[in-house]
Amino acid sequence: MKKLGSIFTVMMVMMTMMLTSCDQMIRNDLEGTWRGDMYMVRDGYRAVYTEIEFIGDPYFSRTGTGNWLDVYSDYPGDYFCSRIDWEVKDRKIYIWLLDDRDRYGKPFELVIWDYKLRGDRFYGYVDY
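Caption draft 1: Representation of the sheet that holds strand 7 (residues 92-101). With antiparallel pairing, the seven strands of this open sheet are ordered in space as 1-4-5-6-7-8-9. At either end of the open sheet lies a strand with only one pairing partner, and these are strand 1 (32-36) and strand 9 (121-127). When the angles between neighbouring strand axes are averaged without regard to direction, this sheet yields 30°. Bridge count between strand 5 (residues 63-71) and strand 6 (residues 79-89): nine bridges; the pairing is antiparallel. In the strand pairing of strand 6, Trp 68 is matched with Ser 82.

Caption draft 2: Main features of the pattern of salt bridges. Counting across every chain of the model gives four salt bridges. Here Arg 42 and Asp 100 are joined by a salt bridge, their closest N and O atoms 2.9 Å apart. Pair noted here: Arg 42 is in strand 2 (residues 41-42) and Asp 100 is in strand 7, with a separation of 58 residues, a long-range link. You can call Arg 42 partly exposed: its relative accessible area is 22%. Here Arg 83 ties to Asp 99 by a salt bridge, and the two come within 2.7 Å at their closest N and O atoms. Separated by 16 residues along the polypeptide, Arg 83 in strand 6 and Asp 99 in strand 7 bring together distant segments of the chain. On the accessibility criterion, Asp 99 (41% relative accessible area) is partly exposed.

Caption draft 3: Representation of unusual backbone geometry. With a phi angle near 55°, Tyr 39 is a residue other than glycine that sits in the positive phi range. Tracing the sequence through the fold places Tyr 39 in the loop between strand 1 and strand 2. A relative accessible area of 55% means that Tyr 39 is categorised as exposed. Here the phi dihedral of Asp 90 falls at roughly 55°; this positive angle occurs in a residue that is not glycine. When its relative accessible area of 53% is taken as the criterion, Asp 90 is described as exposed.

Caption draft 4: Summary view of the side chain of Thr 50. Checked against the element boundaries, Thr 50 lands in strand 4 (residues 49-56). Judged by its relative accessible area of 1%, Thr 50 falls in the buried class. At 2.7 Å, the side chain of Thr 50 forms a polar contact with the side chain of Asp 70. Ignoring anything within four residues of it in the chain, the contact list for Thr 50 reads Trp 34, Arg 35, Gly 36, Met 38, Met 40, Trp 68, Leu 69 and Asp 70.

Caption draft 5: Just the nonpolar core, in detail. Of all hydrophobic cores here, the largest spans 21 residues; its most connected members are Phe 54, Trp 68, Ile 93, Ile 95, Ile 112 and Phe 122. Counting residues per element, this core draws most heavily on strand 6, at four residues. Apart from the residues lying within four places of it in its own chain, the contact partners of Trp 68 are Met 38, Met 40, Thr 50, Glu 51, Ile 52, Phe 80, Cys 81, Ser 82, Ile 84, Ile 95, Leu 97 and Leu 110.

Analysis parameters
Residues numbered from 1 in each chain as written. Predicted model: local features only at pLDDT ≥ 70, side-chain atom pairs only at ≥ 80, totals over all residues. Heavy atoms only, no water. Pairing = 2+ DSSP bridges. Helix = DSSP H or I, 4+ residues; strand = E, 2+ residues; numbered from the N terminus. Axes fitted to C-alpha atoms, helices over the stretch in contact; angles between N-to-C directions. Salt bridge = Lys/Arg side-chain N within 4 Å of Asp/Glu carboxyl O. Buried < 20%, exposed > 50% of the residue type's maximum accessible area, 1.4 Å probe, protein only. Polar contact = N/O pair within 3.5 Å; in protein donor to acceptor, adjacent residues only side chain to side chain. Contact = heavy atoms within 4.5 Å. Core = buried A, V, L, I, M, F, W, Y, C linked by side-chain atoms within 4.5 Å.

The structure is reproduced here in structure tokens:
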């Protein structure tokens, strides 16, 4: 039984390392500026495109800062911009819009899930 326990422990450590390593690789691939249609809507207006800039934190493997920009064609002001904090965790990207807060004063949160990075393309789904 002890041998089974130690094999299980080794397997758990390896799986944890693989997940952390995977998140680390994703963080490295995310760094930079991505532009595309995120289907963002504000006050009934749909954004023409969204630009997200990911800047990795040199001291932490899965976090960073950056900027979020939604550009509209008919919206008053034509754009929405916010500084962001982000984290990669369990194959999801959590993004906090620091300049857009809910009624309790907490930063608005977005989650990008089931995403794929292929060359210079970024695919995924956004929940907000």
